[in-house]
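# Commentary on secondary and tertiary structure
Each chain, written out:
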Amino acid sequence: MERLFIVNEHAGKGKTKKRWPMIQRHLDTFGIRYDARFTSKPKEAIEIAKKAVHHYSQLIAVGGDGTVNEVVNGIAGQGTLFGLMPTGTGNDLARTLHIPDDPYLAVRCLANGTHHPMDLLDINGFYVAGAIGIGLDGAVATDINLASWKKKTGTVGYILSMLKLLLTFPPFAVSLQIDDQAFFFPNCWLVAIGNSKYYGGGMKICPQAVNNDGVLDLCVVHNLSRIELLKIFPSVFHGMHVLHPNVLCFQGKKVRVTTERPVPIHGDGEILGNTPSVIVVRPHILNVLFGS
Ligand SMILES: Nc1ncnc2c1ncn2[C@@H]1O[C@H](COP(=O)(O)OP(=O)(O)OP(=O)(O)O)[C@@H](O)[C@H]1O
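Because the structure is predicted, anything quoted here is derived from the model rather than measured.

Around the ligand, the surrounding shell holds 20 residues, and the nearest of these are Gly 12, Thr 39, Thr 67, Glu 70 and Thr 89. Here an oxygen atom of the ligand and a backbone polar atom of Gly 12 are 2.6 Å apart. In this structure, a nitrogen atom belonging to the ligand sits 3.3 Å away from a main-chain N or O atom of Lys 41. Surface burial for the ligand is 83%, taken as the share of its 630 Å² of free accessible area covered by protein chains. Per-element tally for the shell around the ligand: the top contributor is helix α3 (residues 65–75), with four residues. Of the residues belonging to the shell around the ligand, the class tally is two nonpolar, 13 polar and five charged.

This part is about the state of the cysteines. Tallied over the entire structure, the rule returns zero disulfides. No disulfide involves Cys 206; its nearest neighbouring cysteine sulfur is the one of Cys 219, lying 5.5 Å away. No disulfide involves Cys 219; its sulfur sits 5.3 Å from the nearest other cysteine sulfur, which is in Cys 249.

This part covers the side chain of His 222. Mapped onto the secondary structure, His 222 falls in strand β10 (residues 216–222). Excluding residues that lie within four positions of it along the chain, His 222 makes contacts with Phe 185, Asn 187, Cys 188, Trp 189, Asn 246 and Leu 248.

With that out of the way, let us pick up the domain arrangement of the protein chain. Taken domain by domain, the protein chain consists of domain 1 (3–113) and domain 2 (128–283). Between domain 1 and domain 2, the C-alpha centre-to-centre distance is 27 Å. Taken together, the two surfaces of domain 1 and domain 2 that pack against each other cover about 960 Å², and 56% of this comes from carbon and sulfur. When the buried surface of domain 1 facing domain 2 is broken down by residue, Lys 13, Asn 69 and Asp 92 rank first, second and third, together holding 43% of it. The interface formed by domain 1 and domain 2 includes zero salt bridges. In this assembly, domain 1 and domain 2 are joined by five residue pairs in polar contact (both at pLDDT 80 or more). It is helix α4 (residues 92–97) that provides the largest number of residues to the side of domain 1 that touches domain 2, a total of five residues. Its residues assigned to classes, the side of domain 1 that touches domain 2 shows two nonpolar, four polar and five charged.

The next subject is the nonpolar core. Of all hydrophobic cores here, the largest spans 49 residues; its most connected members are Leu 176, Ile 193 and Ile 279. With seven residues, strand β9 (residues 181–194) is the single largest residue contributor to this core.

Take the packing of helix α1 (residues 15–29) against helix α5 (residues 103–112) next. When two helices pack together, their arrangement is given by the angle between the helix axes and the distance between those axes. Their axes nearest at 9 Å, the elements α1 and α5 cross at an angle of 45 degrees. Of the possible angle classes, the one that applies to α1 and α5 is oblique. In the crossing of α1 with α5, the sense of the turn from one axis to the other is right-handed. Two secondary-structure elements touch here, α1 through Arg 19, Met 22, Ile 23, His 26 and Leu 27 and α5 through Pro 103, Tyr 104, Val 107 and Leu 110. Classifying every residue of the contact of α1 with α5 by side-chain character gives seven nonpolar, one polar and one charged.

Charged atoms that come close allow side chains of opposite charge to pair. Scanning the entire structure with this criterion turns up six salt bridges. When the shortest N-O distance is used, the salt bridge between Asp 101 and Lys 15 registers 3.7 Å. Within this pair, whereas Asp 101 is found in the loop between α4 and α5, its partner Lys 15 is found in helix α1, the two being separated by 86 residues in sequence. One salt bridge connects Asp 101 with Arg 19, and the closest N-O pair in it is separated by 3.4 Å. Taken together, the residues Asp 101 in the loop between α4 and α5 and Arg 19 in helix α1 connect sequence positions 82 residues apart. The exposure class assigned to Asp 101 is partly exposed, which follows from its relative accessible area of 37%. Exposure remark for Arg 19: the relative accessible area of 15% places this residue in the buried category.

About the thresholds
Residues numbered from 1 in each chain as written. Predicted model: local features only at pLDDT ≥ 70, side-chain atom pairs only at ≥ 80, totals over all residues. Heavy atoms only, no water. Near = heavy atom within 4 Å. Polar contact = N/O pair within 3.5 Å; in protein donor to acceptor, adjacent residues only side chain to side chain. Areas by Shrake-Rupley, 256 points an atom, 1.4 Å probe, with all protein chains shown as cover. Helix = DSSP H or I, 4+ residues; strand = E, 2+ residues; numbered from the N terminus. Nonpolar A, V, L, I, M, F, W, Y, C, P; charged D, E, K, R; others polar. Disulfide = S-S within 2.5 Å. Contact = heavy atoms within 4.5 Å. Domains from an automatic or database assignment. Buried area = accessible area lost by both parts, 1.4 Å probe. Salt bridge = Lys/Arg side-chain N within 4 Å of Asp/Glu carboxyl O. Core = buried A, V, L, I, M, F, W, Y, C linked by side-chain atoms within 4.5 Å. Buried < 20%, exposed > 50% of the residue type's maximum accessible area, 1.4 Å probe, protein only. Axes fitted to C-alpha atoms, helices over the stretch in contact; angles between N-to-C directions. Parallel < 35°, antiparallel > 145°, perpendicular 65-115°, else oblique. Left-handed = near helix turned anticlockwise from the far one by under 90°.

Dropping the structure here:
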């Protein structure tokens, strides 16, 4: 068998459970033969994917960005083709790869089989397909992941967490070593490192990021009052925050992040511990199926 679908029925607050039978019908319509495995607990998709690379030439994640990152971590560097059916809440990688939300159109993309190599971010041996956030947004991700009702309410939970942390999270001093250049920001809110443009369900945090250019893009938000930060926040959905003089963009291949106190890190919404940290771009390490 050529294709394995790894299905997280818990992704998308019940959406995946409803969508999977539709996806199956469309797969039959297109005459696509496949096997399917369902995850029974968090992180299991990594193990399923690791074993499946020996038996399948294509692995397709059915879920959101959490499921995507788990499958990606099981297959990166193995040459196995990676595809996805977006049935999660945020679906940021699907947005980047132009894979439609509609199950019929998503299956049609898969049937067309257009693929290209893509870069990934490597943080302490863990791969991230979209973007990493350090500081304020890491604290927001932590807050949401700790309160399951906030996860369930989606955007409402996100906005409530963001407002709470905008009022309470203290800025931090950060040293960045980007390749051979050193920077210091004494009053920083967040450092985002993008392989792709999006995180957090459509926030264009690193608008210049291209996921197959062999470089990582950084966005540093610093030296703003809480009120100013609140004011520029909506502009991130259009990537216009980078026009503000206190939002700085950099590019590189490797970044070392050192902070005066440990601050939280997330990768595509999953909690990845605290600083200090080193993030490296791994060029063309994953072959991905994409839409038109
Ligand atoms: N059987 C399971 N029971 C509970 N949780 C699971 C199970 N299988 C996987 N998970 C976890 O579900 C979490 C959420 O999945 P995922 O991120 O794909 O969906 P989402 O949060 O709705 O979408 P997005 O990340 O795009 O917003 C993942 O962290 C994954 O580890």
